[in-house]
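Okay, here's what each chain looks like letter by letter:
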Amino acid sequence: MRVALINLVVIFTLAGCANQATLTVHTQPAGGFVTEPATGFTFGIAPSAGYYNLKSMTPNANGCYIVNGLQAQWSSGAVTTLDSVSMCLGPTANYSITINRDPNHSGLDKDLQFAAQLQLIQAQQQQAGAASTAAAAAFFGGVGGSTTCRTTPIGNSVYTNCN
C-alpha cells in the first residue's frame, strides 16, 4: 500500500510538471538579480528558473505564448528590462534566455568581480558535492581508493573532473 501511494504521488508530481514550461534566465555578466516586475515574482540571482502554466494561456497568431517582461539588476545598479518574453516551442518546453547588461552603464568592473565570485562559489559547491559523493561511496563500499577532484573555470562555465 505504501509503495502504491508513493507511486501515485510521483505520477501526480510528474503530471504537474508536464503542464508547465520552464524559463531559465541567465544574465551577462552572471549574477544579475532577476524579477518579473508586473507580478512581483522573483527569479533571484541568475542563473535561475521560473515555471509558467502556458496551457492556461492563448498563443498569439504565430503560436507563441507571450509572458510578462523581466528585469535584471546587477550589483553596480545597472538595470536591463525586457518588455515581454516570447515562448514559441510549446506549452511544456524548456526555454532559456540571457539578459545582457548595458555596457554603457558605469560599474562594469564591480559586476564582473561579482560574477567571478559566483563562479568561485559554484566551483566550491561542485567540489563539496564530489567530495560528499566520494565519501558516501567509500562509506557504502561502492568505490575503493581515493577520489581527487579538480575544478577549472573556463569562460562562464565551471568544469569539475574527478578521478
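Everything here concerns the structure above.
Since this is a predicted model, take the numbers as computed values, not measurements. (Residues numbered from 1 in each chain as written. Predicted model: local features only at pLDDT ≥ 70, side-chain atom pairs only at ≥ 80, totals over all residues. Heavy atoms only, no water.)

A. Quick look at the packing of aromatic side chains. Tallied over the entire structure, the rule returns 1 aromatic pair. A ring pair is formed by Phe41 and Phe43, whose centres lie 4.9 Å apart and whose planes are at 85 degrees; its orientation type is edge-to-face. Residue Phe41 is classed as partly exposed on the basis of its relative accessible area, which comes to 37%. (Phe/Tyr/Trp six-rings, centres within 6.5 Å; stacked < 30°, edge-to-face > 60°. Buried < 20%, exposed > 50% of the residue type's maximum accessible area, 1.4 Å probe, protein only.)

B. Quick look at the nonpolar core. Counting 19 residues, the largest nonpolar core has Leu23, Val34, Tyr52, Leu54, Leu70 and Met87 as its most contacted members. Secondary structure elements with two or more residues in this core: β1 (21-28), β5 (65-73), β6 (79-87) and β7 (94-100). Counting residues per element, this core draws most heavily on β5, at 4 residues. Setting aside residues up to four positions removed in sequence, Leu54 forms contacts with Asn19, Ala21, Tyr65, Val67, Met87, Gly90, Pro91 and Tyr95. (Core = buried A, V, L, I, M, F, W, Y, C linked by side-chain atoms within 4.5 Å. Helix = DSSP H or I, 4+ residues; strand = E, 2+ residues; numbered from the N terminus. Contact = heavy atoms within 4.5 Å.)

C. Representation of the sheet that holds β7. Reading across from one edge, β4-β1-β7 is the order of the 3 strands in this open sheet, with mixed pairing throughout. The sheet is open, and its two edges are formed by β4 (48-52) and β7, each paired on a single side. The average angle at which neighbouring strand axes cross in this sheet is 25 degrees, direction not considered. Pairing of β1 with β4 involves 5 bridges; the strand directions are antiparallel. The partner of Thr24 across the bridge, within β4, is Ala49. (Pairing = 2+ DSSP bridges. Axes fitted to C-alpha atoms, helices over the stretch in contact; angles between N-to-C directions.)

Scope: geometric values only; no functional claims are made or implied.
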